[in-house]
Amino acid sequence: TPLTGTTGDTITITPQIPAGWKQVPNQEVPSTVTAGADGIPTVTIKVEHATTTVTPDHPKTPADTLPDNPGKKYPSGVAKDDLNKTVTRTINVKKPNGTITKIQNVRLSRTATVDEVTGEVTYGEWSTGNWDAYNVPTVAGYTPSQTTVQKVNVTSETQPATVDITYSPAAQTGKISYVDPNGKEVSNTPLTGTTGDTITITPQIP
């Protein structure tokens, strides 16, 4: 920033930081200097690249202007899909009378820091989440392939998953009961099968 005046003048220092840069904090910058017989002394101000942080709830596109460097636009890599992702686990519960589907979504996000001079993008860490444990519904007379779908910690590296729960008929037992005229059981024939089976009755009279 040029400084001008005449010998003996007190010159007010009004920094005009270049676009895309910012003043390094904690440095002493004089508010005025005096023009001497040999000229106006140079005032040195240390500057560094300005940065701006893009949050996942306020993404940017290359059509948006950088806040401290209005002559430049945001680089690519800071759009909604760059800062947000959803990881899904689908649980298909295939009951004997129909399938129900449970969808578990975990939304992950991260921030991005943009160097307003170079346009370089630096990302923060992705957030994490969990797919909650899921208790498989019970169906009378049937055995599920698993009773619980375990809780899983979800990170940016976690891949979408699908879990299929199936039900198999449970083993069932019964009997043919042989009773005397007074209703007292004198013998029986065991009956076995699985839920839904048609059992043939073949009496074996004592």
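For the structure, check the block above.
Residues numbered from 1 in each chain as written. Predicted model: local features only at pLDDT ≥ 70, side-chain atom pairs only at ≥ 80, totals over all residues. Heavy atoms only, no water.

Student: Looking at this model, I keep getting lost on the overall build of the protein. Mind explaining?
Tutor: Helix and strand counts for the protein stand at 1 helix and 19 strands. Dimensions of the protein, computed from C-alpha atoms along their principal axes, come out at roughly 135 × 30 × 20 Å. Out of the 206 residues in the protein, the part that is buried amounts to 24%. Within the protein, contacts between residues separated by at least 24 positions form 50% of all contacts whose residues are at least 6 apart in sequence. Total accessible area on the protein stands at roughly 13,400 Å², and carbon and sulfur atoms take up 48% of it. Side-chain charges of the protein comprise 16 positive and 19 negative groups, with the mean position of each set lying 12 Å from the other. (Helix = DSSP H or I, 4+ residues; strand = E, 2+ residues; numbered from the N terminus. Buried < 20%, exposed > 50% of the residue type's maximum accessible area, 1.4 Å probe, protein only. Contact = heavy atoms within 4.5 Å. Areas by Shrake-Rupley, 256 points an atom, 1.4 Å probe, with all protein chains shown as cover. Lys, Arg positive; Asp, Glu negative; His and termini not counted. Charge placed at Lys NZ, Arg CZ, Asp CG, Glu CD.)

Student: Sorry, what's going on with the pairing of strand E19 (residues 185-194) here?
Tutor: Moving residue by residue along a regular strand, the side chains alternate between the two faces of the sheet. Where strand E18 (residues 171-179) meets E19, 9 bridges bridge the pair, whose relative direction is antiparallel. What sits directly across from serine 177, in E19, is asparagine 188. Two successive antiparallel strands, E18 and E19, enclose a turn made up of 5 residues, where glycine 183 displays a positive phi of approximately 90 degrees. (Pairing = 2+ DSSP bridges.)

Student: Can you help me understand the sheet that holds strand E8 (residues 84-95) in this one?
Tutor: By way of backbone hydrogen bonds, the strands of a sheet pair with one another, either parallel or antiparallel. Spatially, the 4 strands line up as an open sheet ordered E9-E8-E17-E14, and their pairing is mixed. Of all strands in the sheet, those with a lone pairing partner are strand E9 (98-109) and strand E14 (142-144), marking the two edges. The mean angle between the axes of side-by-side strands here comes to 15 degrees, regardless of whether they run parallel or antiparallel. The pairing of E8 with E9 spans 12 bridges and is antiparallel. Bridge pairing in E9 links valine 87 to valine 106. (Axes fitted to C-alpha atoms, helices over the stretch in contact; angles between N-to-C directions.)

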